[in-house]
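Here are the chains, one letter per residue:
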Protein chains: 4
Amino acid sequence: MAKRQVRIGMVGYKFMGKAHSHAYRDLPFYFDNDVQPVMQAIAGRDEAGVKAAADKMGWASYETDWRRLVERDDIDLIDIGSPNNTHAEIAIAAAQAGKHIICEKPLALNADEARRMLEAVDKAGVVHMICHNYRFVPAIRYAKQLIDSGQLGKIYHMRAHYLQDWIMDPDFPLVWRLRKDICGSGTHGDLMAHSIDLARYLTGEITEVSGMMNTFIKQRPLGEMSGGLSAKASGEQVGEVDVDDAVAFICRFDNEAMGVFEATRFGKGNRNTNQFEINGSKGSVRWSMEHMNDLQLYLDTDKEGSQGFRTISCTETIHPYAGAYWPAGHIIGYEHTFINIAHELMQGIAENRSPSPNFEDGYRNQLVLEAVETSSKEKQWVQIPQF
Amino acid sequence: MAKRQVRIGMVGYKFMGKAHSHAYRDLPFYFDNDVQPVMQAIAGRDEAGVKAAADKMGWASYETDWRRLVERDDIDLIDIGSPNNTHAEIAIAAAQAGKHIICEKPLALNADEARRMLEAVDKAGVVHMICHNYRFVPAIRYAKQLIDSGQLGKIYHMRAHYLQDWIMDPDFPLVWRLRKDICGSGTHGDLMAHSIDLARYLTGEITEVSGMMNTFIKQRPLGEMSGGLSAKASGEQVGEVDVDDAVAFICRFDNEAMGVFEATRFGKGNRNTNQFEINGSKGSVRWSMEHMNDLQLYLDTDKEGSQGFRTISCTETIHPYAGAYWPAGHIIGYEHTFINIAHELMQGIAENRSPSPNFEDGYRNQLVLEAVETSSKEKQWVQIPQF
Amino acid sequence: MAKRQVRIGMVGYKFMGKAHSHAYRDLPFYFDNDVQPVMQAIAGRDEAGVKAAADKMGWASYETDWRRLVERDDIDLIDIGSPNNTHAEIAIAAAQAGKHIICEKPLALNADEARRMLEAVDKAGVVHMICHNYRFVPAIRYAKQLIDSGQLGKIYHMRAHYLQDWIMDPDFPLVWRLRKDICGSGTHGDLMAHSIDLARYLTGEITEVSGMMNTFIKQRPLGEMSGGLSAKASGEQVGEVDVDDAVAFICRFDNEAMGVFEATRFGKGNRNTNQFEINGSKGSVRWSMEHMNDLQLYLDTDKEGSQGFRTISCTETIHPYAGAYWPAGHIIGYEHTFINIAHELMQGIAENRSPSPNFEDGYRNQLVLEAVETSSKEKQWVQIPQF
Amino acid sequence: MAKRQVRIGMVGYKFMGKAHSHAYRDLPFYFDNDVQPVMQAIAGRDEAGVKAAADKMGWASYETDWRRLVERDDIDLIDIGSPNNTHAEIAIAAAQAGKHIICEKPLALNADEARRMLEAVDKAGVVHMICHNYRFVPAIRYAKQLIDSGQLGKIYHMRAHYLQDWIMDPDFPLVWRLRKDICGSGTHGDLMAHSIDLARYLTGEITEVSGMMNTFIKQRPLGEMSGGLSAKASGEQVGEVDVDDAVAFICRFDNEAMGVFEATRFGKGNRNTNQFEINGSKGSVRWSMEHMNDLQLYLDTDKEGSQGFRTISCTETIHPYAGAYWPAGHIIGYEHTFINIAHELMQGIAENRSPSPNFEDGYRNQLVLEAVETSSKEKQWVQIPQF
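Because the structure is a prediction, the values reported are computed rather than measured.

Asks: What is the right way to read the relation of the copies chain D and chain A from this model?
Replies: Two chain copies here: they are related by a rotation about an axis and a translation along the same axis. By a simple turn and slide, chain D fits onto chain A: the slide is 0.0 Å along the axis, the RMSD is 0.0 Å, and the turn is 180°. This pairing of chains is accounted for by a two-fold axis. Relative to the rotation axis, the closest C-alpha in chain D is found at Gly333(D), a distance of 2.3 Å. Interface overlap between copies: 100% of the residues of chain D at the interface are likewise at the interface in chain A, consistent with a symmetric, same-surface contact.

In structure tokens, the structure reads:
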């Protein structure tokens, strides 16, 4: 096969590393891209762990220092899935080394870091992308088409919430996802960043916010640092939780639309409830991750008496990405959002352009995240810089 | 008020008596009819019970023998809500006395009785009606309009089930609803009769059936005879259950449509799950009693990619009956089906015609019920006489 | 019947007048109260209109000036369903005349009026109530029982929205519900007041808010003043809309819970979407008006692997009010919330106590409404006075 | 890696070939099996087509005659995904050559073929399996655990339907799936076979059936033979449709449970509606393919007043197979059912046993299919041989 290869070096091999690895592995099965992903090397600090992950997930080699990936000549693309506090350093080094980059969200610990990352990729002229995977759900992409085509009319409202419940037990330990130095924030950067991206994608730019954040459980037992969604406490010692358990904000968009957003890890019973509704002058859409293949659509043009939200299974050939998979009604799942991203990324590299969402989106997202934090701290409305 | 009065004499004052009484009482509040219902008299065998019911529900007088209602000159309409084994005698006597009649379903214990009842009302020229209340749900009536207008195209399929679970406890007593001499059948005449009526209303005449019936609990403690949905066992003695606990049948309609029907009182967790779906060449509808205000509608004419079942809240002025009640989105309930029937009945009496469904519908329903019983007993397909 | 009578004089006979009238009429059918409501007189300015309403709805007499109701010796209870700008004057006069009072929500145009109304009824020692009907939905009342019993644990979150879409057409006229002098506010007092009441009922007192309001369509054709949900424009002239089309706020409760609230009349496709979710440390509940008989309940005590939100049809005898109506699974509707209120009001009068929610609740609600308005205007957090 | 390899030769490369190929490719990523699948060779008659498929899906070689796969020494497992009329010949040859076999459903054109296939694999002592993928949905497998543990009590009812709508256009051509000589039956073997398998898996053995079948559109334009779900008519000529468009049957199980089953390709709006409900004496389950990760569960042991169907997202580590994939609430899709089958098959081969469902299940399924066809033709109940 004479296709140009894109040799990938990935940093991090936990939840996101698994999702990304699978996407690269599965991509050629479903899509015909102009370039071909090659799973070249994976990096992690723990040699036993990273070696096992490389074997299991199909990476050709491994490194125990991400710097080696950046240095290697046989790497074209750096995929950053390590904790948030490592993103900026890795991305900037990779850009300087002329590597293309895809980075997990949130882009950085704060807006300043994000801006520097954007400047670095711009200066280097590499392809860059941020991994907001929900944009790549066929139902959401179809909603975008409906909005862009004007079928919903002028947008008046967006409401979204992203609810989880995995840290509600006070004995759940102080894992790295609950530490500000590593993550920058808690629920905010983890979950709310997704909702903000969908807001920017579907509704418009957010211009001002008023927010609040709270940490319901302020001390937790110290736990294993490697942990994620199923960690165990490792002793009697406790530490301070310095990130938010929950966040909410109201906002205005540049098109006069009003927004209401909420994210929490204290939404008992909500394992992963990521939902939104958008109301326009001519129609509305609703979406929920738990039934991610469905889009609820209301159209004012439906005949009087027969109007209502219809449930569209976005699994037909006409729906974005869906034609690559299975016949109508045979649903896809969470992992396919990453395959779709990988597809867009490979096409971007083939055509030497940065697909959406990219580091500019990551930076704008970070500006909103930071504005909400500032607003929460200072208890006042905060404007988001527009450019 | 100079309106002509329709003076009602009602037999029976339990569940159905309550529903009918409420309907007459509430009717003038919601509808302007050309005639006015007057709650003249109620009949029941137990004097204390019937007197208390009359007071509570607003009947002007009571009788302890239904024959007195038929004899009284100040009664224009006999409403039969007593057990099934009394329907024929009362209805025939009422017809002979020139009274209009509304009768609860099933019309009779068997098709022969039903036929004699139909002959009696035809001969007497009185207005007659059978109380299949689900026809009067706005969502179902709207479905009928959609079908009649051809929006669903040629009908291919109907599937319906009516599931309850109130007699699953083996200690639940042998109440009158579980006795063949009183009811004719069990689940079949009680629940399946409703599904058959909806089938005849929406899809067409059933021409042949293959059915099965079963009695899961064959003996039960003897219980109070007055009981209905919440009776208590009264002793140690047990009796044979001689009616069906559950019934199912497949059938063909006169328009080539295929039907699948099921009813049971052993559907654990289903307090009152009355559902159907109809598929035509151009569209489909789904309905469920638990959300009785909603109709699910699929239309082939929706744009490709935006096709799906839409949920219509049939609470708008344009929907049948809905304009009499509340603004859109303010739902109505079970009892309103009876108010809607009472409205149709009063209009029928005002215009001296028998609204649908009437005794002919009751008789045709009974023919299907009986065919299913025969089919079940003889384990073969049974034709339904068409006329 | 020797029961003490409560003779009612009602002001206003449109949407709410109809709902209240029906409730009084239907109450004795379903409930046995210690006192008996008597529909004595109704008041409205248009004689032809009020006379027709009295006839249709079953009121014994009518007046063209509400003051006559207050003066009449044969009136025990004043029911205020006229526009918001009339509430204070009528209620204070009624209290001074020693009448019991039930008043539609919002209690007043502003908190000062509401406070004076509360002082008046307190001083007069009459029974008073405010008509927040959603508290009387069986599913919501059952949710309250679950919360009070501790089954949901400590409450962390409440999110609620109330969405309608009946004024989205720019040609929809400037009816009285869109005029600040008559209503005080738009969506806020009409819809959000309901959500605030549910928040106070279920979650706790709101201590501070940050809100925003918007008027999407700022000028409308002048329309008939009598109109409500289906008015027509009456000419070419336009007027300024000086009330909100939409409102949203975030808040904190006295128990550390976080709240997110939104109401709009620009939620296309949402005829009457009134929803909330509450998350506690041990469980969660969800409710939606469109399926008002259902409560979604999640309990942490369910076995691992079998945990999930369960849909409870709150139509069983064990559920609040449900035993008065129909067997399990036979749903009730919007109007029954008013019957349940009437039931509580009559019991309150019989026992000479003011049931919840009463004018104190109305006043507290108004304080929240006003704080949101102030917050929106001044773009800052506003504290709600606690007492 | 020292793992024993299982070298696979697959026949057919369309819809099922794609699903199977993907499963083998993805299996090692998610599961650690004791043996390792190797995608050795794929067979198809059209050389260009099979070559392209091999390249695209990752097969190491291809053949244009399935017999070559059976002959090759470097093949351990034959995977049969070609049309139904080829299953028996291939399977019997493969068994005689000592190959393990997995075969798509339905096992054969008729029960006699199926029996011969079962005899062949039994005689050869090879591992065999039939590809009823819905057994491998985590939610369904969890339902099986609940039933087996007795949590639902004695089973009284199962109702299931499988509805599609892809051939409703009369201009849809006479593809091979509509030809009896190739498929044996239409909807029956394609869709109903799945429901029958779930019935046998979850409820018990079916002992007798009464069925009906119908072909709504009896002639169709001749079309391309390769086609499946999206074929085009190729000319003016028409041919007779000799398979069923729709089928329904009622049945009894060996444990007294009653069954109601329906499958159709004429269920407008139902792209792939595969649903069932099972009612037992102590609880019930409901499942639907469109939300395949969810199981609806009702348990009688829930507290009175708090009883209802709960929606369990079977994506937690405790649920079958789910731990191999993503954190709770991150759903999987259709293709994962095949990965789960591949996992079971590899374990079966590792341990030299035939997992369920295997050719015996295929044979028993075929006996039910055939009984329904006979019943439909002869219009009488037909017994299913038990052994």
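Still more to cover.
Asks: Looking at this structure, I do not really get unusual backbone geometry. What am I missing?
Replies: For residues other than glycine, phi is negative in most cases, and the peptide bonds are mostly trans. Along the chain, Lys105(B) connects to Pro106(B) via a cis peptide bond; the corresponding omega equals -10°. Positionally, Pro106(B) belongs in the loop between strand 5 (100-103) and helix 5 (111-124). Look at Lys379(A): it is not a glycine, yet its phi comes out positive at around 50°. Locating Lys379(A) in the fold gives a position in the loop between helix 10 (359-378) and strand 17 (382-383).

Asks: Any chance you could explain the pairing of strand 13 (residues 273-280) of chain D here in plain terms?
Replies: In regular strands, side chains alternate between the two faces of the sheet. All names here are of chain D. Burial analysis of strand 13 places 7 of its 8 residues in the buried class, which makes it a mostly covered element. Pairing of strand 7 (residues 155-163) with strand 13, which is carried by 8 bridges, proceeds in the antiparallel orientation. Looking at strand 13, one finds that histidine 161 is bridged to glutamine 275. As paired elements, strand 13 and strand 14 (residues 283-288) share 5 bridges and run antiparallel to each other. From the neighbouring strand, glutamine 275 faces strand 14, where its bridge partner is serine 288. Remark: 2 residues form the turn of the hairpin made by strand 13 and strand 14, two consecutive strands paired antiparallel.

Asks: Would you mind showing me how to read the UniProt feature "domain: Gfo/Idh/MocA-like oxidoreductase N-terminal" (unreviewed entry) in chain A here?
Replies: Using the residue numbers shown here, the UniProt feature "domain: Gfo/Idh/MocA-like oxidoreductase N-terminal" (unreviewed entry) corresponds to residues 6-130 of chain A. Along residues 6-130 of chain A the backbone is 46% helical and 23% strand, and the end-to-end C-alpha distance reaches 17 Å.

Asks: Got a minute to help me understand the interface of chain C and chain A in this structure?
Replies: Buried accessible area, meaning the area lost when the parts come together, often serves as the stated size of an interface. Residue-level contacts link 33 residues of chain C with 33 residues of chain A. Going through the elements one at a time, strand 7 (155-163), strand 8 (206-214), strand 11 (246-253), strand 12 (258-264), strand 13 (273-280) and strand 14 (283-288) of chain C are the ones with two or more residues in the side of chain C that touches chain A.

Asks: Explanation requested: helix 2 (residues 47-57) of chain C in the structure shown.
Replies: Because an α-helix packs 3.6 residues into every turn, residues spaced three or four apart end up facing the same way. For helix 2 of chain C, the set of buried residues is Val50(C), Ala53(C), Ala54(C) and Met57(C). Buried residues in helix 2 of chain C, looked at end-on, bunch into an arc of 100°, giving them a common side. Across helix 2 of chain C from its buried face, at more than 90 degrees, point the exposed residues Glu47(C), Ala48(C) and Asp55(C). Buried positions along helix 2 of chain C lie against helix 1 (15-30) of chain B together with helix 1 (15-30), strand 2 (35-43) and strand 3 (61-63) of chain C. Positioned one or two residues after helix 2 of chain C, Gly58(C) has a phi angle of 95°, which is positive.

Asks: Explanation requested: the sheet that holds strand 1 (residues 4-11) of chain D in the structure shown.
Replies: Backbone hydrogen bonds are what pair the strands of a sheet, in a parallel or an antiparallel way. Residues and elements named next belong to chain D. Read from one edge to the other, the open sheet built from 6 strands follows the order 3-2-1-4-5-6, with strand pairing classed as parallel. One side of each edge strand has no neighbouring strand; the edge strands of this open sheet are strand 3 (61-63) and strand 6 (128-130). Averaged over all pairs of adjacent strands, the angle between their axes in this sheet comes to 25°, without regard to strand direction. Here strand 5 (residues 100-103) runs beside strand 6; their pairing, made up of 3 bridges, is parallel. From the neighbouring strand, isoleucine 102 faces strand 6, where its bridge partner is methionine 129.

Asks: Teacher, can you tell me more about the domain arrangement of chain A here?
Replies: Residue and element names in this part refer to chain A. You can read the domains of chain A as domain 1 (4-133) and domain 2 (141-165 + 181-214 + 241-357 + 364-378). When each unit is reduced to the centre of its C-alpha atoms, the spacing between domain 1 and domain 2 is 24 Å. Every contact between the two is made by 35 residues of domain 1 and, on the other side, 33 residues of domain 2. Every element with two or more residues in the side of domain 1 that touches domain 2 is listed here: helix 1 (15-30), strand 2 (35-43), strand 5 (100-103), helix 5 (111-124) and strand 6 (128-130). The leading source of residues in the side of domain 1 that touches domain 2 is helix 1, at 8 residues. Of the residues contributing to the side of domain 1 that touches domain 2, the split by class is 22 nonpolar, 10 polar and 3 charged.

Asks: When you look at the interface of chain D and chain A in this model, what are you seeing that I'm missing?
Replies: Across the contact, 25 residues belong to chain D and 26 residues belong to chain A. Only helix 1 (15-30) and helix 9 (334-351) of chain D provide two or more residues apiece to the side of chain D that touches chain A. If one sorts the elements of the side of chain D that touches chain A by residue count, helix 1 of chain D sits on top with 5 residues. Of the residues contributing to the side of chain D that touches chain A, the split by class is 11 nonpolar, 9 polar and 5 charged.

Asks: Help me understand the sheet that holds strand 4 (residues 77-80) of chain A in this model?
Replies: Residue and element names in this part refer to chain A. If you trace the 6 strands from one edge of the open sheet to the other, you get 3-2-1-4-5-6, paired in parallel fashion. Sheet topology places strand 3 (61-63) and strand 6 at the edges, where each strand pairs with a single neighbour. Each strand of the sheet is rotated relative to its neighbour by a mean of 25°, with strand direction disregarded. One ladder, built from 4 bridges, connects strand 1 (residues 4-11) with strand 4; its direction is parallel. Bridged to methionine 10 within strand 4 is aspartate 79.

What counts, and where the lines are drawn
Residues numbered from 1 in each chain as written. Chains lettered and ligands numbered in written order. Predicted model: local features only at pLDDT ≥ 70, side-chain atom pairs only at ≥ 80, totals over all residues. Least-squares fit on C-alpha atoms with pLDDT ≥ 70 in both. Contact = placed C-beta atoms within 7 Å. Helix = DSSP H or I, 4+ residues; strand = E, 2+ residues; numbered from the N terminus. Buried ≥ 20, exposed ≤ 12 C-beta atoms within 10 Å, placed from the backbone. Pairing = 2+ DSSP bridges. UniProt positions renumbered as here; feature names shortened; annotations may be inferred. Arc of directions from axis to C-beta. Axes fitted to C-alpha atoms, helices over the stretch in contact; angles between N-to-C directions. Domains from an automatic or database assignment. Nonpolar A, V, L, I, M, F, W, Y, C, P; charged D, E, K, R; others polar.

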